[in-house]
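This is what each chain is made of:
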Amino acid sequence: MSKRKTIDAFFKKKDVGNSEIRTPVAVETNVDTSMPDEHSSKCSRIQSEEIDRDPGSRKQICEFPINKQDEIRQAYLKEGKDPNSPHKIVVKCCEDLKNYSRHIGKLIEKQTSKELENNWLRLKTSIECARWLAFQACAFRGHDESLDSKNRGNFIELIKFTSTFNDKVASVVLENAPRNAKYTSPTIQKEILHILASNVRNAIREEIEDTKFCILIDEARDESKREQIAIILRFVDKNGFLKECFFHVVHVKDTTALTLKREICAVLSCYNLHIENILGQGYDGASNMCGEWNGLQALFLKEGPYAYYVHCMAHRLQLALVIASREVKVVHEFFDHLTNIIDIVVGSSKRNDQLQYAQGEQIKNMIASNEIEIGRGANQIGTLQRVGDTRWGSHFRSIFSLIKMFDVTCKVINTISEEGANYKQRDDAEGANQVLTSFEFVLILHMMKEIMGITNILCQALQQHSQDLLNAMHLVSTTKSLIQKLRDDGWEPLLDIAIDFQLQELNSRFCELTADLLTLSSALNPKDAFRSFKIGDICNLVENYYPQDFTEQEICLLKYQLQHYELDVTKHPDFRNMGTISELCRGLEISGKSKIYHLIDRLICLVLTLLVSIATTERAFLAMKLLKTRLRNRMEDELLADNMIVYIEKEIVGNFTMEMIKDEFYSMKNRHQT
């Protein structure tokens, strides 16, 4: 009978002496009550004394004494059946690691549909409130936005007001929102405005595409005395509409031509608008803007020889009037006296009340004696208007108001000269009364009324946003003729110099190049059934002013297109009643004739782009005055620019969808929708 094998025969023995001696760790295990007490006590003793809790660091069974190896093996097997054993725990961790959907990152990103809905409602409320405040040129922030403040600022107060009409909104906004997703902080407000502003600029850029455009630049100081330049783009869109869009306002450290050009080019390059596509420039008459050698217009002409400069028509006319009033001695003295008289009469509320009371009494007496007619809106009580060099028509309004209230003005000045509070007031009033009643002052007053009345009509016409400047040259010519007529009618010879100087200024500011360009362009004007249409003038216009926009072959083809155009479009009943070239451009697009006469349509778009209007620049600076007030004079430049474009181009902003704004908001900083 062979010798019975023991368990040692199945394992390779190791030298226990050379093996690493591990310190057994005491563990607690569940005791199987089905075992005999003696066996249970042995297993517990072995487990607690010699079994390491970490299976990876345990000694092999062969390393134990032979008389204990069976007991150790049974203890290992029993421990493996324990659900809380280290082995079971490790296996469970391994399974969790393989389950990617249960990772901690995924658990953080996962949100319930209810939470996402609440977050979107909060953000939508903030976007709508920000857009509404921007449309109304209102301030966002408040002086005290703490919870116990009675006025937490327009933005938060508007959210509170909105929530009163919607219980669903009220349940998720402000204090009912989680602290990390209120969407009401100043940073969030600025980000929403910036998204709206960037989308407006991108929309304008998409409309321009790769066509020609004109830049209109004007400069002004804001409330904090920072020099700002407004950038406006004028272009014809793909539907034939002429558009002037406010694009940006930029702070500049100085107003030299090089600095202005650098800032303008930086803005245009950000939106991939190429300098070579600039067809026209429109500025005021300052030397840094319109200088022929080193002015801004000269710098752009070096890079684009066909970026023609057209001075702001109404602004140049106003400058002509101001210069005439400052350079001619008698006119200069007249306006100084006029300003002094107005300051004395309406310099205080008490005197202004006296003026209006006297005017009311005069109107009553004239109505009683049937000297004036009565009617709705007639015989209104007013006041004297001040003169402002940069305000269009202010000279005429000031003169007209004094003539209208001449008697009551004399009465108030006499009262002040007799009853003034001190000697200075009485003496100033006495001097003003002597000037006011002098023959020379009254004569110049009425003469300047005639001159200013003529030029004021032209000023008002040029301020119209829809004004076709092809007709402006005709208005300027008419103005010159009427002023010349005043001279020929035998006014005081002393004042002939004033009239001559006025004509000289008008002639110098409407330069020969601009006049020739506009005269040739007038051949495209549909006014009076295309009375000015001349094929020769149109061909000369292309050859002399737009050679880079038409090839030699296209110039030859243009002549034949014009011949067909003359028989077709100029005789067509749908075009005979049009009065401006912008209406013609739109009409060609609607009728489909822009494709038939594509060269003529291209030329019309070029001419329209060049003929610079002035309404948008003034609208921009008016918006800046509304936005950057004395209480908001610390507004950052970027925030000011974003506010202005959203306020001015609100029609574009109104077309933006909430989904588009939301997607850009979350993508700005890779936000999670939490």
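Residues numbered from 1 in each chain as written. Predicted model: local features only at pLDDT ≥ 70, side-chain atom pairs only at ≥ 80, totals over all residues. Heavy atoms only, no water.

What follows concerns the sheet that holds strand β1 (residues 213-221). Sheet strands pair by backbone hydrogen bonding; their relative direction is either parallel or antiparallel. The sheet built from 5 strands is open, its strands ordered β3-β2-β1-β4-β5 with mixed pairing. Every other strand in the sheet has two partners, leaving β3 (242-251) and β5 (308-309) as the edge strands with one partner each. Contacts between helix α9 (residues 257-270) and the sheet are confined to β1, β2 (227-236), β3 and β4 (278-282), with β2 contributing the most and set at about 50° to the helix. Along the sheet, helix α29 (residues 637-648) makes contact with β2 and β3, crossing β3 at roughly 165°. (Pairing = 2+ DSSP bridges. Helix = DSSP H or I, 4+ residues; strand = E, 2+ residues; numbered from the N terminus. Contact = heavy atoms within 4.5 Å. Axes fitted to C-alpha atoms, helices over the stretch in contact; angles between N-to-C directions.)

Our focus in this paragraph is the pairing of β3. Most of β3 is tucked away, with 7 of its 10 residues classed as buried. Of the pairings in the sheet, the one linking β2 to β3 comprises 9 bridges and is antiparallel in character. Opposite Leu 233, over in β3, you have Cys 245 as the bridge partner. Turn length for the β2-β3 hairpin, with the two strands adjacent in sequence and antiparallel, is 5 residues, and the turn residue Gly 240 shows positive phi of about 85°. (Buried < 20%, exposed > 50% of the residue type's maximum accessible area, 1.4 Å probe, protein only.)

Ranked by size, the top nonpolar core spans 83 residues in total, and within it Ile 204, Leu 233, Phe 246, Phe 300 and Val 646 carry the most contacts. Ranked by the residues each element gives to this core, the list is headed by helix α8 (residues 186-208), at 10 residues. The contacts of Val 646, once residues within four sequence positions are left out, are Ala 134, Phe 135, Leu 193, Leu 196, Ala 197 and Val 653. Judged by nonpolar contacts, the second largest core, of 39 residues, contains Leu 517, Phe 533, Leu 562 and Leu 610. (Core = buried A, V, L, I, M, F, W, Y, C linked by side-chain atoms within 4.5 Å.)

What follows concerns the pattern of salt bridges. In the structure shown here, the tally under the stated rule is 22 salt bridges. In this structure, Lys 190 engages Glu 636 in a salt bridge whose closest nitrogen and oxygen atoms are separated by 3.4 Å. On the criterion of sequence distance, the pair formed by Lys 190 in helix α8 and Glu 636 in the loop between α28 (615-627) and α29 is long-range, its members being 446 residues apart. Since its relative accessible area comes to 37%, Lys 190 is described here as partly exposed. Given a relative accessible area of 43%, Glu 636 falls into the partly exposed group. Taken together, the shared-partner salt bridges connect Glu 207, Asp 237 and Lys 243 into one network. (Salt bridge = Lys/Arg side-chain N within 4 Å of Asp/Glu carboxyl O.)

Here we take up a negative patch on the surface. A contiguous patch of negative charge, built from Glu 418, Glu 419, Asp 427 and Glu 430, is present on the exposed surface. Secondary structure elements with two or more residues in the negative patch: α16 (406-419) and α17 (423-436). Tracing the backbone shows Asp 427 in helix α17. (Patch = residues over 30% accessible without salt bridge, like charges linked within 9 Å, V, L, I, M, F, W, Y side chains within 5 Å. Areas by Shrake-Rupley, 256 points an atom, 1.4 Å probe, with all protein chains shown as cover. Lys, Arg positive; Asp, Glu negative; His and termini not counted. Charge placed at Lys NZ, Arg CZ, Asp CG, Glu CD.)

The subject of this paragraph is the packing of aromatic side chains. One pass over the full model with this rule turns up 14 aromatic pairs. Ring geometry for Phe 334 versus Phe 335: centroids 5.1 Å apart, planes at 70°, classification edge-to-face. Per residue, the accessibility class of Phe 334 equals that of Phe 335, and both read buried. Each ring, one from Phe 665 and one from Tyr 666, has its centre 5.7 Å from the other, and the planes form 70°; the classification is edge-to-face. When sorted by exposure, Phe 665 lands in the same class as Tyr 666, which is buried. What links up through ring pairs into an aromatic cluster is the set Tyr 306, Tyr 308, Tyr 545 and Tyr 546. Over the ring of Phe 300 we find Lys 261; its NZ or CZ atom is 5.6 Å from the centre of that ring. It is Lys 650 that lies over the ring of Tyr 647; its NZ or CZ is 4.2 Å from the centre. (Phe/Tyr/Trp six-rings, centres within 6.5 Å; stacked < 30°, edge-to-face > 60°. Lys NZ or Arg CZ within 6 Å of the ring centre and 35° of its normal.)

Bringing the pairing of β2 into the picture now. Burial analysis of β2 places 10 of its 10 residues in the buried class, the great majority of the element. Alternating positions in β2 separate into two faces, Glu 227, Ile 229, Ile 231, Leu 233 and Phe 235 on one and Gln 228, Ala 230, Ile 232, Arg 234 and Val 236 on the other, with burial throughout. Sheet topology note: the β1/β2 ladder contains 8 bridges and is antiparallel. When the bridges of β2 are listed, Ile 217 appears paired with Ile 231. Turn length for the β1-β2 hairpin, with the two strands adjacent in sequence and antiparallel, is 5 residues, and the turn residue Lys 225 shows positive phi of about 65°.

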